[in-house]
Amino acid sequence: MELHGIHHITAITADARANLDFYVRVLGLRFVKKTVNFDDPTAYHLYFGDDTGSPGSILTFFEYPGVPAGRAGEGMIHRISWRVNSEEALGFWDDRLRAQGLRAEREQGRLRFHDPEGLGLELMVPAGSEAAQPRLAATSSGVPAEFALGGFAGVRAYAREPRGSAAALEQTLGFTTIDGGGVDWRIAGGGRSATYAYDPAPAPVPLSGAGTVHHIAWGVRDDEQRAWRRRVVEGELHATQIIDRTYFRSVYFREPSGVLFELATLGPGFAVDEPVERLGQELRLPPQHEYLRPRLERLLAPLDVPERRAA
Ligand code: ZN
């Protein structure tokens, strides 16, 4: 069994409208699902990704309107990295972000910046065989196709004792070490790979809030999820039961450094309750929350979902 790279990453926003504007208009992702947090249905759960909502491209946000800014610390992911095609693409994004009043730091092969709520982001040009995997890009009126974000490259997290995670990552989950020192990891399977790296945790107490990552999900084949859950339990990690998230099924646990992991199935995907060409247009609710629709439609801020150009 292999983990199929990153399935999705979920973060927190205080402002769904501004969040959608940034990730769709500025970064050029497609808005692929407007739904609610299944565990707290009064909160939006917004999904962004490529043209079809492929696993490996999905960044999601829970909206808690007006929630104070968080602070990434020990046991939290603090930077999300996407693949782009070329140094020329980094130049395009450097200019585009500056035009939005955002500062970006360019170095060889990468561009680092923060979203308007302070979430750490990065674009990187993969080298060698890493560059070969299929791009997971969205069609956007503002971003030329050759510069589009091409799916996740990896994440960086804060840990105090990263070596404490080595056994779980390596033996239970099948990560491979890049540096031999328990700090830089790689996961590959099903034609996708991603990196998972630790940085020394800053001293201040971590604070969940706007602009922080909630969890990361790794992709698993639908028919292997039970076996994955067993393996996680046998690895003495405390896994939840398998939970139906409509678009995938999930198991959650914390890895030893404290980062919340999810194993999410590749199927059935985001077209299970609306056609691909209409993804994100309507508020979609799981059956157990459908009775709340009139209340939620009053409560949740209306969003301006951009019309899609015909591809
Ligand atoms: Zn998730």
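Scroll up a little and you will see the structure.
These figures come from a predicted structure and were not determined experimentally.

Enquirer: Hey, could you go over the overall build of the protein chain for me, with residue numbers and the actual values?
Expert: Scanning the protein chain from N- to C-terminus turns up five helices and 16 strands. Scaling as 2.2 N^0.38, a compact globule of 311 residues should have a C-alpha radius of gyration of about 19 Å, and the protein chain matches this with 18 Å. Projected onto its principal axes, the C-alpha positions of the protein chain cover 50 × 45 × 40 Å. Buried positions account for 56% of the 311 residues belonging to the protein chain. As presented, the protein chain carries roughly 13500 Å² of accessible surface, and 50% of it is formed by carbon and sulfur atoms. Distance between charge centroids for the protein chain: 2 Å, based on 35 positive and 41 negative side chains.

Enquirer: Any details on the coordination of the zinc ion? Residues and values, ideally.
Expert: Surrounding the zinc ion are the protein donor atoms His8 (NE2), His215 (NE2) and Glu262 (OE), which sit 2.0 Å from the metal. One chain supplies every donor for the zinc ion, spaced along it as H-x206-H-x46-E. Placement of His8 in strand 1 (residues 6-13) and of His215 in strand 13 (residues 213-220) is noted, with a sequence separation of 207 residues between them.

Enquirer: Give a detailed account of the side chain of His215, specifying residues and quantitative values.
Expert: Exposure remark for His215: the relative accessible area of 5% places this residue in the buried category. One polar contact links His215 to Glu262, side chain to side chain, over a distance of 2.8 Å.

Enquirer: Mind laying out the pattern of salt bridges, listing which residues take part and the relevant values?
Expert: Throughout the structure, instances matching the rule amount to 19 salt bridges. Between Arg106 and Glu87 there is a salt bridge, and its shortest N-O distance comes to 3.0 Å. With a gap of 19 residues between them, Arg106 in strand 6 (residues 104-107) and Glu87 in helix 2 (residues 87-99) connect regions that are remote in the sequence. Glu122 is the partner of Arg110 in a salt bridge, and the nearest nitrogen-oxygen pair spans 3.0 Å. Placement of the pair is Arg110 in strand 7 (residues 110-114) and Glu122 in strand 8 (residues 120-124), with a sequence separation of 12 residues. On the accessibility criterion, Arg110 (24% relative accessible area) is partly exposed. Given the relative accessible area of 4%, Glu122 is considered buried.

Enquirer: Tell me about the side chain of His289, residues and numbers included.
Expert: You can see His289 is positioned in the loop between strand 16 (260-265) and helix 5 (293-299). Not counting chain neighbours up to four residues away, the residues in contact with His289 comprise Val36, Phe38 and Pro41.

Enquirer: How would you sum up the pairing of strand 8? Please name residues and give values.
Expert: Within strand 8, five of the five residues are buried, which leaves it mostly tucked inside the rest of the structure. Residues Gly120, Glu122 and Met124 line one face of strand 8 and the alternating positions Leu121 and Leu123 line the opposite face, and both faces are buried. Note that strand 5 (residues 77-83) and strand 8 share five bridges and pair parallel. The residue bridging Arg79 from the neighbouring strand is Gly120, located in strand 8. Pairing analysis gives five bridges linking strand 7 to strand 8, with the strands arranged antiparallel.

Enquirer: Run through the nonpolar core, naming residues and quoting values.
Expert: Considering soluble globular proteins, one finds that nonpolar side chains tend to be buried as a cluster. Counting residues in each nonpolar core, the largest one holds 73 residues, and the members touching the most others are Tyr23, Trp82, Tyr196 and Trp218. Ranked by residue count, the leading element in this core is helix 1 (residues 16-26), at six residues. Contacts of Trp218, omitting those with residues within four sequence positions, involve Leu3, Gly5, Ile6, His7, Phe175, Ile187, Ala194, Tyr196, Phe261, Glu262, Leu263 and Ala264.

Enquirer: An account of the sheet that holds strand 1 is requested, with residue identities and associated values reported.
Expert: Strand order in the open sheet formed by eight strands is 2-3-4-1-13-16-15-14, and the pairing between neighbours is mixed. Of all strands in the sheet, those bounded by a partner on one side alone are strand 2 (30-37) and strand 14 (243-244). Examined bridge by bridge, strand 1 and strand 13 share five bridges and lie antiparallel to one another. Bridge assignment links Ala11 to a residue of strand 13, and that residue is Val213.

Cut-offs applied
Going along each chain's sequence as written, the residues are numbered from 1 onward. Only residues with pLDDT of at least 70 are given local features in this predicted model, and only at 80 or more are side-chain atom pairs given and counted; all residues enter the totals for whole chains, interfaces and linings. Side-chain descriptors were evaluated using all non-hydrogen atoms of the structure, hydrogens and water having been removed beforehand. Think of it this way: any DSSP run of H or I at least four residues long counts as a helix, any run of E at least two long counts as a strand, and we number them from the N terminus. Atoms counted for the radius of gyration: C-alpha only. Globule rule: 2.2 Å times the number of residues to the power 0.38. Only protein chains enter the area calculation, which uses a 1.4 Å probe; residues under 20% of their type maximum are buried, those over 50% are exposed, and those in between are partly exposed. Using the Shrake-Rupley algorithm and a 1.4 Å probe, accessible areas are obtained, with residue cover drawn only from the displayed protein chains. When charges are counted, Lys and Arg are positive and Asp and Glu negative, with His and the chain ends excluded. Here the site of a charge means atom NZ of a Lys, CZ of an Arg, CG of an Asp or CD of a Glu. Sites may look incomplete, because water is not among the atoms used; the donor set itself consists of N, O and S atoms within 2.8 Å of the metal (3.2 Å for Na, K and Ca). Polar contact is the term for a pair of N or O atoms within 3.5 Å; when the atoms are in protein, one must be able to donate a hydrogen and the other to accept it, and sequence-neighboring residues count only if both atoms are side-chain atoms. Definition used for salt bridges: Asp or Glu carboxyl oxygen within 4 Å of a side-chain nitrogen of Lys or Arg. Any two residues whose heavy atoms approach within 4.5 Å at even a single point are treated as in contact. DSSP calls a pair of strands paired once it identifies at least 2 bridges connecting them. Residue types Ala, Val, Leu, Ile, Met, Phe, Trp, Tyr and Cys, when buried and joined through side-chain atoms within 4.5 Å, form a set referred to as a nonpolar core.

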